[in-house]
Amino acid sequence: AMLALELQLSGLAADHLGGELCPLAALRRAAIHCFARGDDRNTRRITAVAFELDPEDRIGLYLVRSLALIVGREDTEAFTLLDRFSESELCPEGRLATLGLLTFRVDSEDDTATFWLEQALELNPELARRVARPGALKGALHAVLDEAESGTRDAAIAYGHLSRQAWKSTRGALSWLR
């Protein structure tokens, strides 16, 4: 069933990449929904299709895919993806915190992990608290991610909800975060 959906959406999106991004937006919503429900496997599959259709990631899935890759223990690919979108203006504090998480995961004694986390906290001081206890969302996660401005409480809450599974999957990461 998932393959049929991928093929159907691939065909639709390929026809609409010039202007209409509705099929890509549907893939984004589906990926965020799957990941929020703990389904990192299908998140990785959906985001792979989205990246084939939209290699420049105009819909902002790089962070969702990176977090799903972390949960799936595909750290090298997650590092590569975060590096590839290092200039993205979409949730820069989330990208930096996720780089910190990945670095901590590889070597919990590496000072670079703390550097990345400190950079993220400079952009959004609430981030660490919201990963530990995200708080209530003001709407659907995909909508909050679309509307929250970097550095705001809503951005921290959205990142907390989105990333919690990845942080929990990394031994000692939540304690380190505090």
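Just so it is clear, the structure is predicted and the values come from calculations on it, not from any experiment.

**Examining the overall build of the protein chain**
Scanning the protein chain from N- to C-terminus turns up 11 helices and 0 strands. Along the chain direction, N to C, the helices and strands of the protein chain fall in the order α-α-α-α-α-α-α-α-α-α-α. Restricting to contacts in the protein chain with at least 6 residues of sequence separation, those with at least 24 account for 62%. Of the accessible surface of the protein chain, which amounts to about 9,000 Å², a share of 50% is contributed by carbon and sulfur atoms.

**Description of helix α6 (residues 92–106)**
Under the 1.5 Å per step criterion, the end-to-end length of α6 is 21 Å for 15 residues, consistent within 8% with the ideal 21 Å. The buried count for α6 comes to 14 of 15 residues, which makes it a mostly enclosed element.

**Points about helix α3 (residues 40–53)**
Over its 14 residues, α3 runs 20 Å from end to end, which matches the ideal 20 Å to within 8%, given 1.5 Å per residue. With 10 of 14 residues buried, α3 is to be regarded as a mostly interior element. Inspection of α3 places D40, N42, T43, R44, I46, T47, V49, A50, F51 and L53 among the buried residues, and these make up the whole buried set.

**Focus on the layout of surface pockets**
Its volume calculated, the largest pocket comes out at about 310 Å³. Lining the largest pocket are 19 residues, with R28, L90, C91, L145 and D146 positioned closest to its centre. Looking at the lining of the largest pocket, its residues break down into 11 nonpolar, 2 polar and 6 charged.

The rules behind each value
Residues numbered from 1 in each chain as written. Predicted model: local features only at pLDDT ≥ 70, side-chain atom pairs only at ≥ 80, totals over all residues. Heavy atoms only, no water. Helix = DSSP H or I, 4+ residues; strand = E, 2+ residues; numbered from the N terminus. Contact = heavy atoms within 4.5 Å. Areas by Shrake-Rupley, 256 points an atom, 1.4 Å probe, with all protein chains shown as cover. Expected span 1.5 Å × (residues − 1). Buried < 20%, exposed > 50% of the residue type's maximum accessible area, 1.4 Å probe, protein only. 1 Å grid on protein atoms, 1.4 Å probe; cavity = no way out; pocket = protein on both sides within 12 Å on 5 of 7 lines; lining within 4 Å. Points joined across faces, edges and corners; volume = space filled by probe spheres on them. Nonpolar A, V, L, I, M, F, W, Y, C, P; charged D, E, K, R; others polar.

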